[in-house]
Structures are given as C-alpha cells and as structure tokens.
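Single-letter residue listing:
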Amino acid sequence: MQQSDRDGDELTPLHPNYVKSLRVSWLIGTLPFVIGALGLEVAGVLPRGSFIVPVLLVALYAIVRVPLTRYQARGYQMGGDRLRVVRGLLFRSDTVVPFGRVQHIDVHQGPVERGYGLATLVLHTAGNHNASVRLPGLTHDDAVAMREHIRAHVKRETM
Amino acid sequence: MGLRNAILPVIAVLFGSRNWDGAGMAILPILGAVLLLSLGGGWLVWRKTRYRLGESDVRIEGGIINRTARSVPYERIQDVSLEQKLLPRLLGLVEVKFETGAGGKDELKLAFVTEAEGAALREAVRERRDGVRTGPLSESEGSLAPETRTLFAMDLRRLVTFGLFEFSLVVFAVVAGAAQQFDFLLPFDVWDADKWMELLAGPGHWIAGLGIATQAIAVSIALAAFSILGLVTGLSRTVLRDYGFRLEETPKGLRRRRGLLTRTDVLMPVHRVQALAVTTGIVRRRLGWHALEVVSLSQDATSGSHVVVPFAQMEEIAPVVTVAGFALPGPEMSWHRPSPKYHFDNAAMGVSVLAAAALAAGLLGTLLPFLAPMAQIAQGVFVLLAGFSAVREYFLWRHDRHAIDGRHVFVSRGWLAPRLDIASRLKLQTVEIRQGPIARRRGYANLDFGVAGGALGMHGIPLETAREIRAAVIETLARVDFSRLPG
C-alpha cells in the first residue's frame, strides 16, 4: 500500500449510489430546459416536436449515460500517507495529495448527496494549482473515516 | 489622509460654482467647512484607531460609527511590509501591512505610524511569530545590524542600463486613452479616418507636396521621437520603482528596499520561499542580464512582484539563490526534453488551423473579387504565421527541458525569453498527471505541481517519465511532514 503509486494498480471505485445522485442532479439541471421546450411547443412556432424531441433526447443522454461514464472514469486510491484521485474520461487527470501537505479538510454533503447517504471529501492544500482536491461519491461514513485518518497525519494546520 | 479626501469635494465645489454670480463670497465658507470636516474626520479616525500586540495575536480596532476589531494570530502573518508614499515619507511616517495570504482588501493595514514605531512593530511581530522571544518589546534593532549582509544593490549606472532595457510604449496607450476621454477638447474627431486622409492627401496636399526626401525625414523624426519617448518612459518607470535597490540577508530573512518616491521595505523569511524563477528578456538575454523572483506564501495575485534581483548577471544571482536555500542547476545536471510528439502535435495543430484560415481567405478572394487584395494579404499573413508556429514548436522542443535532483525540480521553458523555475521538492503540495484525448493516444502527459503561491509544470513529457517523476517526488513529500520542515 505504501509505495503503490503506479497506474494499473487497482483504483477503488466510488459508491454505486453516486450514479443515482448524479442522475438526480442532472434531472434537476435539465428540467428547466424541458419546461422551456414544452412552453415553446405549446406556443407552436415551429412544426410539432421540433423543440421537445431534441431536448428530451439530450436530457435523456445526460441523465442515463453521462453519470455512468463519469462513475466509471472516477476512482481513488487511499494510501497510508497519500490520496490519489483519478477523474475525467476525455481529459484525464490523476492527482496525488500527500497527507503531510493538507491544510484543512471538508466533508461536504449536498441535499441530493444526503438523500443517498453520500458525501464529498475536499482536501485543501496551500498550492495555487489544485488548491482543493475533491473526491465525491463516498459514503458519508467512509468520508468521515478518511477525514479522521488524514487528520491524524496532519500534525499542525498552520504553516 | 483627511486632506487627500478633501481634494475631490474642493474640486467639486470649485467646478459647481463656476456659473454662480458672486461665487467668491459663497465659496470660501464652503471650502472652509469641507476642509474642517475632512481634517476633523481624519483626526477622529486617527483617535479611534488603535492596535495592540497580544500574547498570540495582533489586534487593530477602528471605525467611528461601525467599530471593527480584527485580530490576526501571529502564525498566520506571513510577512510584515512597510510602505512609504511621498507625503508620509516627508513626514517620517510609514504604513504597516500585515500580509496574511488573504490578499487584496482583507489584508491588515495600519496607516500611519512613525518610522521607528513601524520598524519596532515589525521586529516584535516577527519575534513573536517565530517564537524567539515572547517578552516585552525591546529596542534591540542595533544588535541585529552586524549580522546583515548586502547581497545585491544597484548603483545608478546599473539602474540606467536596466531602465534602457525596460523600453515601454505604455505611454502611447495612455495618450490614446486620454484622447478618447477628452476628445471633445480636440479641434477635430481623432477617430475619423476621413479627416486624417484629408490631412494627408486632402485638398491642400500639403504632405504629398513635400517630396520624397522630406517625407522620409519626417518619418525618421517620428520614429526617433517614438523610441526616445519609449526609452524615457521605461527609464523613468524603472528609476521610480527601483531607485536605491538593496537586498540584504538578515537573520530574519531577505530584506528588500527600493523606490524613489514610494519607498518600500519588504522582508521575506527564507523558510517561506517556495520556489524561485530566473527570468530574462528578449534583448537583455544576449548580454547575460537576468532577474530573480521569489515565489513565497505571502504572495497574492495583486502584489505579484517579489523580485529580489531585478537586473544582474548570473554570477551575481547565484549567491542569492544559495542564501534562499536553493541551488542553480550545475553543468553535470542531466536534463530531459519533452516528448517530440507533443511539440509535433502542437505544430501540426497550429499549422493546420492557420492553413485552413489561409485557404478560407483565398476562397473568399475568388468568390468576392472586390475583396481580393485584402484576402491576398490575409493569406500571406496566415501562411507566415503557420511557418512561424512550426519553427517555434521546433525550437521549443529543442530547448524546453526539465530535471530533478535530490532536492529540487528544475523547469526551463520559453522561446525568446526562457524562464527557469526552481522549486524545492519538499515544498511541493500536490502532483497531478493530466492527459487530453490527443495526449492519451500519443502517450505523453502534462505533469503539474501544486506550489504555494505559484505554478510549475512539465508539459508534454512521456507518460512513463511523468509517472516516474511523480513517484520519486511523492516519496520525498510523504516522508517529510510539511509542518515539520526545517526553518
């Protein structure tokens, strides 16, 4: 676990509920567009279905497909002294944060996340680049446990 | 303070009363009242502002109606700087700034205290922060003096040389901006091209009638005027900023003093230096002139300039680098270059985009014959740019390089004015490997480091190298806890 920092090592996947919570978020996010398209449809400016059909298709793709690919692209690896976060499908990013550099830690829960018992762990460092590294899709208990583990490493928060 | 605030109302009164009859009678009392109010206000603000050095924090209380009391723990103060603008300088006052890393408006300021008090305040804050002594404030500045050593200073000759390289045409931007603001004062509309054409070739033909030789002389005079103005601007800006530049090594860190009218005095604790950058310019590089900048925690986006050596040869910079706890790359350093694929792809992208633009311009020229001359010019420009970008990428591939040794990460990047970044491996915060869609197919990656107060990255290096460097750097990072760093 200690010096395992190579690709090809198993990444821990996020909790499956993450897909569901993303879907709910996308549902809420696309709702205004669907309603707007419905409104235009009722106004009847263009032939029937020219607004609602493409909008519904895009929304459906965003709700069904995007969360799944996102979930599959993400993962993390909790080491004894570092956390590795991998994300992105097209633009891949692979970040390693040593616990010794963590300034403070947030466990964040949005309303949707709370509904699914999930949380986002945010590690703040002093760097300008990657000042905060976010890891969403953890169960709340896991996130808290990770926070405690990391905090045990951070001897003093001041620099 | 108060007087400065009174300037605007006074102008407003003078301006507003232009058209009054018997204005003189009314103005004097109003002016008196404004002055009295602002002076009184200033006095009240001064009365109500006070500061205290507590056991663990600095407190500043202020405000007449809304009282605010701000407290900043000593550990959070990254730096204390003293600033003197012209007027306070004449009166022997300084403004004390406590840099906390909050940046901008949230910085803690204390304006104004006397010079001696400012210096004592700074000493006290530093001592308490570093936990050297927590006793009462003592007047022991003199005892520190023998330990200070001048690392770099600029005499007038150097300053002038530096100023000549700081050639700047910013004054023309200012003039143009002013012309736009105050164009109602000008006899004609400056932005009206027809008027200019008329002047150049209009009914009078007076410029056209001057003959080739005279025209050539006029053009050379105009060019000479431009360059002289640019030189003078650069020179005066440099002298104003860097007059009496002096960098000293003190037991508390690097101390920098500079400025002609606004004199600043900044102290940078050495252990807070995160990274160094050696920069240069297109022309001055040929003569071996470089500058050294410090990236430190207290550096926020606005106060950017932490130049510790503005203009020097490398052998003058080397000792400062050593004092800051870093090392310049030696001749035996094994440098690595980015993947040729990265620069090839960049060049291919740039060239294809520009070639497409050239093609489009050519097409436009054939479709709309009246645009043909313009289209031809545009086409030529695009083709030139394409060639330029290809040459540039080739050059960058030849010259961009990076290296790591036991303690440092070195990255040298840039074409005409290359920049060398030196970061301490121990002080990196995060390491990220990034790949876009093309990069993934072609097997290279960007390696970006999180640095407090700056950015550092190796771009387009082979993925395998990126992984190796990251593994090595993370090993060093994880071994040493940040809060237990030496210093």
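These figures come from a predicted structure and were not determined experimentally.

**Some remarks on the packing of helix H6 (residues 156-165) of chain B against helix H9 (residues 212-242) of chain B**
Residue and element names in this part refer to chain B. Relative orientation of the contacting elements H6 and H9 amounts to 135°, with a least axis distance of 7 Å. Relative to H9, the element H6 lies oblique. Both H6 and H9 take part in a crossing whose hand is right-handed. The segment H6 lies against H9, with Leu 159, Val 160, Phe 162, Gly 163 and Leu 164 engaging Leu 231, Gly 234, Leu 235, Thr 238, Val 239, Arg 241 and Asp 242. When its residues are assigned to classes, the contact of H6 with H9 shows seven nonpolar, three polar and two charged.

**Considerations on the UniProt feature "transmembrane region" (unreviewed entry) in chain A**
Residues and elements named next belong to chain A. When the UniProt feature table is mapped to this numbering, "transmembrane region" (unreviewed entry) covers residues 24-45 and 51-68. Measuring from the first to the last C-alpha atom of residues 24-45 gives 31 Å, for a span that is 91% helix and 0% strand. From the first C-alpha to the last, residues 51-68 spans 26 Å; its make-up is 89% helix and 0% strand.

**Topic: the confidence of the model for chain B**
Residue and element names in this part refer to chain B. For chain B, the mean per-residue pLDDT works out to 79, and 80% of the residues sit at or above 70. Low pLDDT, under 50, characterises residues 133-145; the stretch is placed with 15 contacts to residues that sit more than four places away or in other chains. Note that pLDDT drops below 50 for residues 299-304; the model gives that stretch eight contacts with residues more than four away or on any other chain.

**As for helix H10 (residues 314-323) of chain B**
Residue and element names in this part refer to chain B. Considered for burial, the residues of H10 that qualify are Ile 317, Val 320, Val 321 and Val 323. Projection of H10 onto a plane perpendicular to its axis shows the buried side chains occupying an angular sector of 160°, all on one side. Counted as exposed and oriented over 90 degrees from the buried face of H10: Glu 315 and Thr 322. Check the buried side of H10 and you find it contacts strand E7 (149-153), strand E8 (246-250), strand E9 (253-258), strand E11 (273-279), strand E12 (290-296) and strand E13 (307-312).

**Considerations on the packing of aromatic side chains**
All names here are of chain B. Taken as a whole and judged by the stated rule, the model has nine aromatic pairs over all chains. With a centroid separation of 4.8 Å and 20° between ring planes, the pair formed by Phe 162 and Phe 311 is classed as stacked. One end of the pair, Phe 162, is in helix H6; the other, Phe 311, is in strand E13, and 149 residues separate them in sequence. Both residues of the pair, Phe 162 and Phe 311, belong to the buried class. Between the aromatic rings of Phe 395 and Trp 415, the centroid separation amounts to 5.9 Å while the plane-to-plane angle is 50°, which identifies the pairing as tilted. Linking Phe 395 in helix H12 (residues 372-399) with Trp 415 in the loop between strand E15 (408-413) and strand E16 (419-424), this pair joins segments that are 20 residues apart in sequence. A residue is classified by how much of its surface remains accessible, and Trp 415, at 17% relative accessible area, is buried. Between Arg 337 and the ring centre of Trp 397, over which it is positioned, the NZ or CZ distance is 4.6 Å.

**Side note on the pattern of salt bridges**
This model, assessed by the stated rule, comprises 23 salt bridges over all chains. B:Arg470 is the partner of A:Asp94 in a salt bridge, and the nearest nitrogen-oxygen pair spans 2.9 Å. Here the residue A:Asp94 occupies a position in strand E3 (residues 92-98), and B:Arg470 occupies one in helix H14 (residues 463-479), the pair thus bridging two chains. In this structure, B:Arg434 engages B:Glu432 in a salt bridge whose closest nitrogen and oxygen atoms are separated by 3.8 Å.

**Examining the sheet that holds E12(B)**
All names here are of chain B. Taken together, six strands build an open sheet; the order of strands is E13-E12-E11-E16-E15-E14 and the sheet is antiparallel. What marks the edges here is a single partner per strand, and that holds for E13 and strand E14 (401-404). Across the sheet, the mean angle separating the axes of adjacent strands is 15° when strand polarity is ignored. Pairing analysis gives three bridges linking E12 to E13, with the strands arranged antiparallel. When the sheet's bridge partners are listed, His 290 is paired in E13 with Ala 312.

**Digging into H9(B)**
Residue and element names in this part refer to chain B. Spanning 31 residues, H9 covers 44 Å between terminal C-alpha atoms, matching the ideal 45 Å at 1.5 Å per step. Where H9 is concerned, the buried positions are Gly 230, Thr 233, Gly 234, Thr 238 and Asp 242. Directly after H9, the chain includes Gly 244, whose backbone phi takes a positive value near 65°.

Calculation criteria
- Residues numbered from 1 in each chain as written.
- Chains lettered and ligands numbered in written order.
- Predicted model: local features only at pLDDT ≥ 70, side-chain atom pairs only at ≥ 80, totals over all residues.
- Heavy atoms only, no water.
- Axes fitted to C-alpha atoms, helices over the stretch in contact; angles between N-to-C directions.
- Helix = DSSP H or I, 4+ residues; strand = E, 2+ residues; numbered from the N terminus.
- Parallel < 35°, antiparallel > 145°, perpendicular 65-115°, else oblique.
- Left-handed = near helix turned anticlockwise from the far one by under 90°.
- Contact = heavy atoms within 4.5 Å.
- Nonpolar A, V, L, I, M, F, W, Y, C, P; charged D, E, K, R; others polar.
- UniProt positions renumbered as here; feature names shortened; annotations may be inferred.
- pLDDT = per-residue confidence, 0-100.
- Buried < 20%, exposed > 50% of the residue type's maximum accessible area, 1.4 Å probe, protein only.
- Arc of directions from axis to C-beta.
- Phe/Tyr/Trp six-rings, centres within 6.5 Å; stacked < 30°, edge-to-face > 60°.
- Lys NZ or Arg CZ within 6 Å of the ring centre and 35° of its normal.
- Salt bridge = Lys/Arg side-chain N within 4 Å of Asp/Glu carboxyl O.
- Pairing = 2+ DSSP bridges.
- Expected span 1.5 Å × (residues − 1).

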